[in-house]
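Residues per chain, in single letters:
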Amino acid sequence: MTLTDIPNIKHTDSNNFFLLAGPCAIEGEDMAMRIAEKAITITDKLEIPYVFKGSFKKANRSRIDSFTGIGDEKALKILRKVSETFNVPTVTDIHEVSDAKKAAQYVDVLQIPAFLVRQTDLVVAAAKTGKVVNLKKGQFMSPEAMQHAVKKVHDAGNPKAWITDRGTMFGYQDMIVDFRGIPTMREYAPTVLDVTHSLQQPNQSSGVTGGRPDMIETIARAGVVNNVDGLFIETHFDPANAKSDGANMLHLDYLEGLLTNLVSIRKTINNL
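The structure contained in this document is the topic of the report that follows. This is a predicted model, so every value here is computed, not measured.

Examining the overall build of the chain
Then, number 1: Helix and strand content of the chain: eight helices and 13 strands.
Then, number 2: Taken against the 2.2 N^0.38 rule, which gives 19 Å for 272 residues, the C-alpha radius of gyration of the chain at 17 Å falls within 12% of a compact globule.
Then, number 3: Overall, the C-alpha framework of the chain stretches about 50 × 45 × 40 Å when taken along its three principal axes.
Then, number 4: Across the 272 residues of the chain, 53% fall into the buried class.
Then, number 5: In the chain, once contacts between residues fewer than 6 apart in sequence are set aside, the share between residues at least 24 apart is 71%.
Then, number 6: Surface exposure of the chain reaches about 11700 Å², of which carbon and sulfur atoms provide 47%.
Then, number 7: Distance from the positive charge centre (31 side chains) to the negative charge centre (32 side chains) of the chain: 3 Å.

Here's the deal with the pattern of salt bridges
Then, number 1: By the definition in use, this model includes 14 salt bridges.
Then, number 2: Residue aspartate 72 pairs with lysine 102 through a salt bridge whose shortest N-O separation is 2.9 Å. Pair noted here: aspartate 72 is in helix α2 (residues 72-86) and lysine 102 is in helix α3 (residues 97-104), with a separation of 30 residues, a long-range link.
Then, number 3: A residue is classified by how much of its surface remains accessible, and aspartate 72, at 26% relative accessible area, is partly exposed.
Then, number 4: In this structure, arginine 221 and glutamate 217 form a salt bridge, with 3.0 Å as the shortest nitrogen-oxygen distance. Placement of the pair is arginine 221 and glutamate 217 together in helix α7 (residues 216-225), with a separation of four residues, close to one helical turn.
Then, number 5: Sharing partners across several salt bridges, the network here consists of Lys57, Asp72, Asp99 and Lys102.

Describing the packing of helix α1 (residues 29-46) against helix α8 (residues 255-270)
Between two packed helices, both the angle of their axes relative to each other and the distance between the axes serve to describe the pair.
Then, number 1: Put simply, α1 and α8 touch, their axes get as near as 10 Å, and they point 25 degrees apart. Considered as vectors, α1 and α8 are oriented roughly parallel to each other. Judged by the twist between their axes, the crossing of α1 over α8 is right-handed. On the side of α1, the interface is formed by Ala39, Ile42, Thr43, Lys45 and Leu46, while α8 contributes Leu255, Glu256, Leu259, Thr260 and Val263.

Brief notes about α7
Then, number 1: Those residues of α7 that fall on the buried side of the exposure criterion are Ile216, Ile219, Ala220, Gly223 and Val224. Looking straight down α7, one finds that the buried residues subtend no more than 135 degrees of arc, so they occupy a single side.
Then, number 2: Asparagine 227 lies just past α7 and shows a positive phi near 65 degrees.

Brief notes about empty space enclosed by the protein
Then, number 1: Within this structure, the stated rule accounts for one cavity of 30 Å³ or more.
Then, number 2: Its residues assigned to classes, the lining of the largest cavity shows six nonpolar, four polar and two charged.

Some remarks on α8
Then, number 1: Relative to the 22 Å expected for 16 residues at 1.5 Å per residue, α8 spans 22 Å between its end C-alpha atoms, a close match to the ideal helical length.
Then, number 2: Among all positions in α8, only Leu255, Leu258, Leu259, Leu262, Val263, Ile265, Arg266 and Ile269 are buried. The arc that holds every buried residue of α8, seen down its axis, measures 165 degrees, which confines them to one face.
Then, number 3: In this fold, the buried residues of α8 make contact with β1 (18-22), α1, α7, β12 (230-236) and β13 (250-251).

Things to note about the side chain of threonine 90
Then, number 1: When you line up the elements, threonine 90 lands in strand β3 (residues 90-93).
Then, number 2: Residue classification places threonine 90 among the buried residues on the basis of a relative accessible area of 0%.
Then, number 3: Those residues in contact with threonine 90 that sit more than four places away from it in its chain are Val51, Phe52, Leu79, Val82, Ser83, Tyr106, Val107, Asp108 and Val109.

Let's talk about the layout of surface pockets
Then, number 1: One number sums up the size of the second largest pocket: a volume of about 190 Å³.
Then, number 2: The wall of the second largest pocket is formed by Met1, Thr2, Leu3, Thr12, Asn15, Asn16, Phe18, Trp162, Pro190, Asp229 and Arg266.
Then, number 3: In terms of residue class, the lining of the second largest pocket is made up of five nonpolar, four polar and two charged.

Some thoughts on the environment of isoleucine 265
Then, number 1: Counting through the fold element by element, isoleucine 265 comes out in helix α8.
Then, number 2: By relative accessible area, isoleucine 265 is classed as buried at 18%.
Then, number 3: Remark: the alpha-carbon pair of isoleucine 265 and valine 153, spanning 112 residues in sequence, is separated by 33 Å.
Then, number 4: Sequence-distant contacts of isoleucine 265, defined by excluding residues within four places in its chain, comprise Arg221, Val224 and Val225.

Comments concerning the side chain of aspartate 194
Then, number 1: For aspartate 194, the position within the fold is in strand β9 (residues 191-194).
Then, number 2: One polar contact links the side chain of aspartate 194 to the main-chain amide nitrogen of threonine 196, over a distance of 3.4 Å.
Then, number 3: Those residues in contact with aspartate 194 that lie beyond four places of it in its chain are Lys136, Thr164, Asp165, Arg166 and Phe232.

What counts and what doesn't
Residues numbered from 1 in each chain as written. Predicted model: local features only at pLDDT ≥ 70, side-chain atom pairs only at ≥ 80, totals over all residues. Heavy atoms only, no water. Helix = DSSP H or I, 4+ residues; strand = E, 2+ residues; numbered from the N terminus. Rg over C-alpha atoms; globule rule 2.2 N^0.38 Å. Buried < 20%, exposed > 50% of the residue type's maximum accessible area, 1.4 Å probe, protein only. Contact = heavy atoms within 4.5 Å. Areas by Shrake-Rupley, 256 points an atom, 1.4 Å probe, with all protein chains shown as cover. Lys, Arg positive; Asp, Glu negative; His and termini not counted. Charge placed at Lys NZ, Arg CZ, Asp CG, Glu CD. Salt bridge = Lys/Arg side-chain N within 4 Å of Asp/Glu carboxyl O. Axes fitted to C-alpha atoms, helices over the stretch in contact; angles between N-to-C directions. Parallel < 35°, antiparallel > 145°, perpendicular 65-115°, else oblique. Left-handed = near helix turned anticlockwise from the far one by under 90°. Arc of directions from axis to C-beta. 1 Å grid on protein atoms, 1.4 Å probe; cavity = no way out; pocket = protein on both sides within 12 Å on 5 of 7 lines; lining within 4 Å. Points joined across faces, edges and corners; volume = space filled by probe spheres on them. Nonpolar A, V, L, I, M, F, W, Y, C, P; charged D, E, K, R; others polar. Expected span 1.5 Å × (residues − 1). Polar contact = N/O pair within 3.5 Å; in protein donor to acceptor, adjacent residues only side chain to side chain.

Next comes the structure, spelled out in structure tokens:
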């Protein structure tokens, strides 16, 4: 697939990485619109192809009392409003086969969570909607194993798939990015580096995932140097009070500085 397969995506001729960015979960209309407007202003300035990201529900929570969403249809309508207001493509993750058809009515890209990327019925259901499918590499999977997930999408009649690396389990409570996997996965499909989830510290005894947001630029720079096609960054204007994954998010105030540096690195890499 190519970037032009994504509806309404801009700056496809800029020779930049593309960006998926937004909050972990849709918490309400005002927050989604605020984050989207800021991200779009920055990416237009830097000529970065941009997709707004937001989960319409969070099914993979550590505890039963964790935030899961504001209601499926309500959140999906907010994603559609972001798209229509700013003329920008959107991505959300799905967790059940029935989610695929439902979410496809509202967004442009369907994301398969890392924990679920081996679930054939879910992957095929996403593929059959005709939408672009973002396959997140399981924390427990090798880069080579992702060729089979991509093949499931293609065999379902959909050529529009990419892979997102979100780190690999390193012991019980840490993640690591193996950059050797990027050229391997790029042989199968365009490859994105999920910077913020790669810095999670999962399975905390409190039931709340930790993270290392201080390392975001370090990981993002390494991804750009190693020719990732895109970057995935969760961002929020108040990470400390975000309802999901606040511990590893980038503060929205830091997004422009980070992306400015990464674009400079990309220009250098392009000239090598």
